[in-house]
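# Geometric and topological summary
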Amino acid sequence: MKARRLHSGEAVSVAICVSRSEAFACDEQDARIAYEALGGKQWFSTLDLLRLAVRRGLLHENEARSGYEKLRASYRFYGPPWY
């Protein structure tokens, strides 16, 4: 496992998800590396979760895309573009 030092919140989240065999949602690549190295099986990004909400009818696509792009533009969030 090659990951930078994780913040305490990331480390605790990884530990809880692995110990409970739960999926993990995080946009930090190093936290995902740690999760998978410790046996985690499924992780999601913010974009994954928004797309899932759209597929399940919880959000309209325009609303989800607009919110995601605002997150990227206004809050220094460096997730991939909506495609």
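Remember, predicted model here, so these are calculated numbers, not experimental data.

Take the overall build of the protein next. Scanning the protein for helices and strands turns up four helices and two strands. Starting at the N terminus and walking to the C terminus, you meet the elements of the protein as α-β-α-β-α-α. For the protein, the C-alpha atoms occupy an extent of roughly 35 × 25 × 20 Å along the three principal directions. Burial status across the protein gives 25% buried among its 83 residues. The contacts of the protein with a sequence gap of at least 6 include a subset with a gap of at least 24, amounting to 31%. Entry remark: accessible area of the protein is about 6100 Å², with carbon and sulfur atoms responsible for 53%.

Our next topic: helix H3 (residues 46–55). Burial in H3 covers these residues: Leu47, Leu50, Arg51 and Ala53. Looking straight down H3, one finds its buried side chains confined to an arc of 155 degrees; they lie on one side. Turning to H3, the residues buried within the fold contact helix H4 (61–74). Just downstream of H3 lies Gly57, where phi reads positive at about 80 degrees.

Turning next to the pattern of salt bridges. Overall, the coordinates contain two salt bridges when judged by the stated rule. With its nearest N and O atoms 3.0 Å apart, the salt bridge here joins Arg65 to Glu61. Of this pair, Arg65 and Glu61 both sit in helix H4, four residues apart, which is roughly one turn of that helix. The class of Glu61 is partly exposed, set by a relative accessible area of 39%. As a salt-bridge pair, Glu69 and Arg72 come within 3.1 Å of each other at their nearest N and O atoms. On the criterion of helical spacing, the pair formed by Glu69 and Arg72 is a turn pair, its members being three residues apart in helix H4. With a relative accessible area of 27%, Arg72 lands in the partly exposed category.

Cut-offs and rules
Every residue gets a number counted from 1 within its own chain, in the order that chain's sequence is written. In view of the model being predicted, local features appear only for residues whose pLDDT reaches at least 70, and side-chain atom pairs are presented and counted only at 80 or more, with totals across whole chains, interfaces and linings using the full set of residues. Side-chain calculation: all heavy atoms of the structure are included, whereas hydrogens and water are not. Going along the chain from the N terminus, every DSSP run of H or I of four or more residues is numbered as a helix, and every run of E of two or more is numbered as a strand. Accessibility here uses a 1.4 Å probe with only protein chains present; expressed as a share of the type maximum, an area under 20% marks a residue as buried, one over 50% as exposed, and anything in between as partly exposed. It only takes one pair of heavy atoms within 4.5 Å for two residues to be counted as in contact. All accessible areas in this document rest on Shrake-Rupley with a 1.4 Å probe, and a residue is counted as covered only by the protein chains that are shown. Here, the arc refers to the directions that run from the helix axis to the C-beta atoms. Salt bridges, as used here, are contacts in which a Lys or Arg side-chain nitrogen is within 4 Å of a carboxyl oxygen on Asp or Glu.

So, to be careful, I would describe these as geometric facts and stop short of saying anything about function.
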